[in-house]
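Examination of the molecular architecture
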Amino acid sequence: MIILEIYIVTGASKGIGGELYGQLHKTGAVVIGIARSNPGNRENFVELDLATRESREGLMKRVLAPYLETADSFTLINNAGTVEPVGKVGTLSTDTLQQAIELNLTAPIELSNEFISILSNTKAKKQIINISSGAGRNAYEGWGIYCTTKAGLDQFSKVIRLEQDRADHPVGIVSIAPGIIDTGMQETIRSSDISGFPMLEQFINYKEEGKLRSAEATAHLLIEWMEKEDLASTEVLARLN
């Protein structure tokens, strides 16, 4: 019997999202990528800016509709995010911080809300994986917006778990911190000004000392983790070791 698994991966053009798209696709699953661009010209890819509210409207309905009657499982991976703006509060651009809040927090909230609503009556396996960060669980100078949005994502996930515990056909959920990964986000961090981000030298050392895990390895570990965990009962706040 063929099992049809549907994965929706945001931020799928590069980094962890790009690797998740590629590795999940190799398993035979249907993977729908969402990002501002599609440099690999991959199939089942939606090009849009998740930081724009108009682009997000009805997105889950459009991508899920073809599979509602046939799929055995649905997984939404809210991976898209930005570490910018990096800088101390009082020096931040209002436009930049608003874009970060839209992408890091508002977008996954809206997508999760629509995902749960559309699939509320299906008995298929349903799960949401929010890619969080240790920054959501610790405070760092210069990362006021990043820490805040990731903390909000963690708390939002905890609320969904409480609510889904009462649902007839519950959605499993986890907010997982994948660790320090060698991606474009790390390049952005290392190009920051030390006056706005006092931990700059520490992050430069992570790179120079080979302490960054590759996006490929991280995606592989995350997929392995998803396969063995029951997201309806595992800890809501998790860390990828």
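It should be noted that the structure appears before, not after, this text.
So, here is what we can say about the structure in this document.

The rules we used
- Residues numbered from 1 in each chain as written.
- Predicted model: local features only at pLDDT ≥ 70, side-chain atom pairs only at ≥ 80, totals over all residues.
- Heavy atoms only, no water.
- 1 Å grid on protein atoms, 1.4 Å probe; cavity = no way out; pocket = protein on both sides within 12 Å on 5 of 7 lines; lining within 4 Å.
- Points joined across faces, edges and corners; volume = space filled by probe spheres on them.
- Helix = DSSP H or I, 4+ residues; strand = E, 2+ residues; numbered from the N terminus.
- Nonpolar A, V, L, I, M, F, W, Y, C, P; charged D, E, K, R; others polar.
- Salt bridge = Lys/Arg side-chain N within 4 Å of Asp/Glu carboxyl O.
- Buried < 20%, exposed > 50% of the residue type's maximum accessible area, 1.4 Å probe, protein only.
- Contact = heavy atoms within 4.5 Å.
- Pairing = 2+ DSSP bridges.
- Axes fitted to C-alpha atoms, helices over the stretch in contact; angles between N-to-C directions.
- Expected span 1.5 Å × (residues − 1).
- Arc of directions from axis to C-beta.
- Phe/Tyr/Trp six-rings, centres within 6.5 Å; stacked < 30°, edge-to-face > 60°.
- Lys, Arg positive; Asp, Glu negative; His and termini not counted.
- Polar contact = N/O pair within 3.5 Å; in protein donor to acceptor, adjacent residues only side chain to side chain.

**Remarks on empty space enclosed by the protein**
- Applying the stated rule across the entire model yields one cavity of 30 Å³ or more.
- As a volume, the largest cavity reaches approximately 70 Å³.
- Listed by contribution, the elements that provide at least two residues to the lining of the largest cavity are helix 4 (94-118) and helix 5 (144-164).
- Broken down by element, the lining of the largest cavity gets its largest block of residues, five residues, from helix 4.
- Of the residues assigned to the lining of the largest cavity, the class counts are eight nonpolar, four polar and one charged.

**Focus on the pattern of salt bridges**
- This structure, assessed with the given rule, holds six salt bridges.
- Two residues, Glu110 and Arg53, come together in a salt bridge whose shortest N-O distance is 3.6 Å. Here Glu110, found in helix 4, pairs with Arg53, found in helix 2 (residues 53-56); they are 57 residues apart in sequence, far enough to count as distant.
- We classify Glu110 as partly exposed; its relative accessible area is 26%.
- For Arg53, a relative accessible area of 46% corresponds to the partly exposed category.

**What about the environment of Leu212?**
- By secondary structure assignment, the location of Leu212 is in the loop between helix 7 (200-208) and strand 8 (213-214).
- Accessibility expressed as a relative area gives 14% for Leu212, which makes it buried.
- The contact partners of Leu212, leaving out residues within four places of it in the chain, are Ile180, Ile181, Asp182, Gln186, Arg190, Tyr206 and Lys207.

**Side note on the sheet that holds strand 4 (residues 73-78)**
- On the basis of which strands lie adjacent, the open sheet formed by seven strands has the order 3-2-1-4-5-6-9 and parallel pairing. The outermost strands of the open sheet, each flanked by one partner alone, are strand 3 (45-47) and strand 9 (237-239). For this sheet the average axis-to-axis angle between neighbouring strands, irrespective of direction, equals 20 degrees.
- Judged from the three bridges that link them, strand 2 (residues 30-35) and strand 3 form a sheet pairing that is parallel. The residue of strand 3 that forms the bridge with Ile34 is Val46.
- Packing against the sheet, helix 1 (residues 15-26) makes contact with strand 1 (5-10), strand 2, strand 3 and strand 4, and its axis sits at approximately 165 degrees to strand 2.
- Those strands touched by helix 5 are strand 5 (125-131), strand 6 (172-177) and strand 9, and its axis lies near 155 degrees from that of strand 6.

**Structural notes on helix 8 (residues 215-228)**
- Between its terminal C-alpha atoms helix 8 stretches 20 Å, which fits the 20 Å expected from 14 residues at 1.5 Å a residue.
- Of all the residues in helix 8, the buried ones are Ala215, Thr218, Ala219, Leu222, Ile223, Trp225 and Met226. Across the axial projection of helix 8, the buried residues extend over an arc of 160 degrees, all falling on one side. Across from the buried face of helix 8, at angles greater than 90 degrees, the exposed residues are Glu216, Glu227 and Lys228.

**Considerations on the packing of aromatic side chains**
- Scanning the model with the defined rule gives three aromatic pairs in all.
- On the numbers, 6.0 Å between centres and 50 degrees between planes, the contact of Tyr21 with Phe45 is tilted. Of this pair, Tyr21 sits in helix 1 while Phe45 sits in strand 3, placing them 24 residues apart in sequence.
- Pairwise contacts between aromatic rings join Tyr140, Trp143 and Tyr146 into one cluster.

**Examining the side chain of Arg161**
- Of note, Arg161 is situated in helix 5.
- Summary of buried charges: Arg161 has no salt-bridge partner, and the nearest side chain of opposite charge, Asp165, is 4.7 Å away.
- In this structure the side chain of Arg161 is engaged in a polar contact, spanning 2.8 Å, whose partner is the backbone oxygen of Ile173.
- With residues near it in sequence (within four places) discarded, Arg161 still touches Ile173, Leu231, Ala232, Ser233, Thr234 and Val236.

**A word on helix 7**
- The set of residues buried in helix 7 consists of Leu200, Phe203 and Tyr206. Looking straight down helix 7, one finds that the buried residues subtend no more than 120 degrees of arc, so they occupy a single side. Projecting away from the buried face of helix 7 at angles above 90 degrees are the exposed residues Glu201 and Glu208.
- On its buried face, helix 7 is in contact with helix 6 (184-190).
- In the stretch just after helix 7, Gly210 is the one whose phi turns positive, near 70 degrees.

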